[in-house]
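Given next are the chains, with one letter for each unit.
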Amino acid sequence: MALSSFFRSSRAVFSTAILLRAVFLVYGLFQDAFSPMKYTDIDYFVFTDAARFISQGRSPYARDTYRYTPLLAWLIYPTTWQGFWFSFGKVLFAIGDIVAGWMMFRILRSYQNMPQERALKFASIWLLNPMVATISTRGSSEGLLGVFVIALLWAVLAKRILVAGLLLGFAVHFKIYPFIYAASIVWWLDDDQINQGRAAKTKTPDSIVTQALHFLNPQRITLAITSLATFMGLNVVMYLSYGYPFLEHSYFYHLTRIDHRHNFSPYNTLLHLNSSPKANVDHNSPPSLELERLAFLPQLLLSAIMIPLALSKKDLPSTMLAQTFAFVTFNKVCTSQYFLWYMMFLPFYLPDSTLLRSQPIGLTALTLWIVGQVFWLQQGYQLEFLGRSTFVPGLWAAGILFFLVNAGILGIIIGDVSAKRPQARAVRFAKKTS
């Protein structure tokens with residue numbers, strides 16, 4: 001009864017979410033001060049060092065391993081000031097978590113027509129999730145990215161196409177991967193959606209030209225022009241300010257990165273081997289095929305082409321979940337921070353999902369997902385902290401197991417979304433927000 005009354009109050013839920021992050025922030029200060037194992041993520045020191053270089057009139061890329069847009073360093077500029085301001089970035093990222101959760105709640109209420117109590121319960125998957133709160137308060141910027149992505153979803157559902165284009169261009173500039181959503185959004189914006197849910201025309205277009213003109217409706221053109229102009233405009237400004245290092249570290253690096261630490265991907269062992277200096281290399285022999293360089297082929301084929309074309313017209317938020325899940329699962333670098341990329345879509349997918357309707361399937365999937373991580377972390381701990389060689393079979397087998405678990409869950413998600421009928425909920429949502 002007490003739990004039920006808790007979820008009837010949005011003030012109670014959001015106050016608890018804020019308190020949860022405040023507790024983690026304070027606890028992190030104590031752990032950093034008194035424990036040899038620090039709470040603050042190493043990436044946060046990279047961010048703050050980059051901000052410090054900016055405050056000195058230098059490039060953020062003077063900081064080794066800074067692989068992000070300069071905007072991120074500028075956003076946390078106050079961390080260069082003295083005192084508690086060093087934690088400003090963590091507070092900003094935690095606030096981003098809360099704002100993203102609030103937008104999830106609003107979308108659930110308006111788009112999926114949920115009662116407030118039910119909407120708060122599903123939004124709490126994000127808001128009251130200790131993993132989400134921990135990652136942001138340790139200094140990861142993923143929570144801030146969540147604001148841009150969920151705002152993008154809101155703008156598309158609300159038919160605010162100009163705003164959606166601005167957000168899409170900004171999100172892709174901030175972090176490359178949201179570009180995959182362009183395909184699903186464009187495919188979703190057909191005449192059936194534009195004409196407010198009316199039945200599609202039964203007449204087949206007479207020619208390819210007619211089909212192309214039918215496809216290029218004003219909403220799609222507006223989205224394409226606005227998002228491209230925003231993305232390119234930001235890139236031009238950053239390039240003029242910081243030169244080629246901006247392109248190298250923000251974009252080109254991610255095409256060839258071979259990070260192998262804390263990497264759950266099945267490519268982990270291969271990346272580690274290829275990152276080692278090659279001894280006794282015969283320079284006259286033909287170059288060997290580096291399999292990890294082809295990893296983007298199945299990844300992009302699934303996340304940016306096949307899934308959007310097959311699912312986006314049925315349920316856009318759940319399609320974006322399937323895209324993100326596929327992108328992370330098949331990525332050659334997969335860390336725990338990436339899990340937040342798809343967790344932000346769970347509140348929209350889970351209400352009508354097999355994972356929730358069938359407890360045996362849902363509990364089994366969750367258990368295997370956790371066990372897969374624990375198995376990998378146990379092997380990784382022995383390697384990185386105890387110096388034991390666990391590459392084969394331990395770490396390699398753990399990566400394969402976790403990949404198979406995630407592939408199975410992805411199959412369930414795709415099956416659920418493909419079984420749905422195209423919905424006209426966006427029409428009601430657009431009317432409520434207009």
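Residues numbered from 1 in each chain as written. Predicted model: local features only at pLDDT ≥ 70, side-chain atom pairs only at ≥ 80, totals over all residues. Heavy atoms only, no water.

On to the pattern of salt bridges. Inspection of the entire model under this criterion finds nine salt bridges. Here R21 and D97 are joined by a salt bridge, their closest N and O atoms 3.5 Å apart. Of this pair, R21 sits in helix α2 (residues 10–34) while D97 sits in helix α5 (residues 88–110), and the two are 76 residues apart along the sequence. You can call R21 buried: its relative accessible area is 2%. Classification of D97 by relative accessible area gives buried; the value is 0%. In this structure, R63 and D49 form a salt bridge, with 3.0 Å as the shortest nitrogen-oxygen distance. Placement of the pair is R63 in the loop between α3 (42–55) and α4 (70–75) and D49 in helix α3, with a sequence separation of 14 residues. Across this residue pair, the class does not change: R63 and D49 are buried. Connected through salt bridges with shared partners, the residues R8, E117 and K121 form a single ionic network. (Salt bridge = Lys/Arg side-chain N within 4 Å of Asp/Glu carboxyl O. Helix = DSSP H or I, 4+ residues; strand = E, 2+ residues; numbered from the N terminus. Buried < 20%, exposed > 50% of the residue type's maximum accessible area, 1.4 Å probe, protein only.)

Our next topic: the environment of A182. Mapped onto the elements of the fold, A182 is located in helix α10 (residues 181–188). Considered as a pair, A182 and S227 are 45 residues apart in the sequence and their alpha carbons are 9.2 Å apart.

With that settled, the discussion passes to the UniProt feature "transmembrane region" (unreviewed entry) in the protein. The positions that UniProt labels "transmembrane region" (unreviewed entry) are, in the present scheme, residues 12–30, 84–107, 143–172, 221–242, 324–349, 361–378 and 390–414. Regarding residues 390–414, the helix share stands at 96% and the strand share at 0%, and the terminal C-alpha atoms are separated by 34 Å. (UniProt positions renumbered as here; feature names shortened; annotations may be inferred.)

Core analysis: the biggest nonpolar cluster contains 110 residues, and Y66, Y181, F339 and F345 have the highest contact counts within it. It is helix α8 (residues 142–157) that provides the largest number of residues to this core, a total of 12 residues. (Core = buried A, V, L, I, M, F, W, Y, C linked by side-chain atoms within 4.5 Å.)

This part takes up unusual backbone geometry. With a phi angle near 70°, T65 is a residue other than glycine that sits in the positive phi range. Assessed through its relative accessible area of 43%, T65 is described here as partly exposed. Within the chain, K159 stands out as a residue other than glycine whose phi angle is a positive 60°. The residue K159 is located in the loop between α8 and α9 (161–174) in this model.

Given 3.6 residues per turn, any residue in an α-helix points the same way as the ones three and four places further on. With 14 residues, α3 should reach 20 Å at 1.5 Å per residue; the first-to-last C-alpha distance of 20 Å fits that figure. Taken residue by residue, α3 has Y44, V46, F47, T48, D49, A50, A51, F53 and I54 as its buried positions. Looking at where α3 begins, the residue whose side-chain oxygen comes 2.8 Å from the main-chain nitrogen of D43 is D41. (Expected span 1.5 Å × (residues − 1). Polar contact = N/O pair within 3.5 Å; in protein donor to acceptor, adjacent residues only side chain to side chain.)

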